[in-house]
Amino acid sequence: LYVLGRDPGNKLALNNIVTAVISTDRAREAQDRAAEFVRLYPDRPQPYVGLAKAYRAQDQPETAYEVLKQGLESVPGNEWLTYLALVAGFDAKLEICAGEVDSAAAEFPKSPRVTLLVARCHALERDFEAALASVRVAIDQGFTNIDLLEKAEDFEELVLLPGFDELREYAESRKQEEPPAS
């Protein structure tokens, strides 16, 4: 708070305060701080993420989704915000698969995170073959390590797919093919 007293527009301080306040179960206060952050920096993605976190901490996933969508209007073309908005939409149980995920996949065709959400949509739509194919594409897009599958395991729909274990082995084999870091 000292930093904000001396520099009310300090982005790092505002972000740290929002995160700290959420972690102390004062989500409403975090929401107020994050809303101030959005007002001061509407052209940056971080304030929208902080405000969405505050709403999620208050068990308001629909509002979190709307905040992230507002962020995308202010910061168009941001892959990170796009991904988080889609995840928030899933968490809010919104019917976003058909339109929004396809649109994001078209906008970010080389994004393993977005491709993973395409896989999740296919799984929710019970098109398991397409879901597995999308996870494989995501692995091939650059997540040649287990990190992607760990993220995929956050989505129960994907882990329960017949054939998911084979994808885990495929990711491991791709990881072993990677050249050592120099």
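Cut-off values and rules
Within each chain, residue numbers correspond to sequence positions counted from 1 in written order. Only residues with pLDDT of at least 70 get local features here, since the model is predicted, and only at 80 or more are side-chain atom pairs given and counted; chain-wide, interface and lining totals rely on the full set of residues. To obtain the side-chain values, all non-hydrogen atoms of the structure were used and water was disregarded. Note on conventions: DSSP H or I runs of at least 4 residues are helices, E runs of at least 2 residues are strands, and numbering of each starts at the N terminus. The classification of residues rests on relative accessible area computed with a 1.4 Å probe and restricted to protein chains. Under 20% of the type maximum is buried, over 50% is exposed, and intermediate values are partly exposed. Note on definitions: a residue-residue contact is assigned when non-hydrogen atoms from the two residues lie within 4.5 Å. Under the convention used here, a 1.4 Å probe and the Shrake-Rupley method define accessible areas, while residue burial counts only the protein chains that appear. Within this scheme, the nonpolar core is defined by two criteria: the residues are buried Ala, Val, Leu, Ile, Met, Phe, Trp, Tyr or Cys, and they are joined through side-chain atoms within 4.5 Å. In this analysis, rings of Phe, Tyr and Trp, with Trp reduced to its six-membered ring, are considered paired at centre separations within 6.5 Å, and the interplanar angle assigns stacked below 30 degrees, edge-to-face beyond 60, and tilted for intermediate values.

Helix and strand counts for the protein come out as twelve helices and zero strands. Its helices and strands taken in sequence order, the protein reads α-α-α-α-α-α-α-α-α-α-α-α from the N to the C terminus. Per-residue burial over the protein gives 43% buried out of 182 residues. Considering only residue pairs separated by 6 or more positions, the protein has 54% of its internal contacts joining residues 24 or more positions apart. Accessible surface, the protein as shown: approximately 10,000 Å² in total, 50% of it carbon and sulfur.

As a further point, take the nonpolar core. If you look at the biggest cluster of nonpolar residues, it comprises 16 residues, and the most contacted ones within it are Tyr48, Leu51, Ala52, Tyr55, Val67, Leu68 and Leu81. The set of elements that each furnish at least two residues to this core consists of helix 3 (27–40), helix 4 (45–57), helix 5 (61–74) and helix 6 (79–91). Apart from the residues within four sequence positions on either side, Leu51 is in contact with Gln31, Ala34, Ala35, Val38 and Val67. Of all hydrophobic cores here, the second largest spans 13 residues; its members include Val135, Ile139, Leu161 and Ala171.

Time to look at the packing of aromatic side chains. On inspection of all chains with the given rule, the structure shows one aromatic pair. Relative to Tyr41, the ring of Phe37 lies with its centre 5.7 Å away and its plane at 80°, an arrangement referred to as edge-to-face. When its relative accessible area of 3% is taken as the criterion, Phe37 is described as buried. Among the residues examined, Tyr41 registers a relative accessible area of 15% and is labelled buried.

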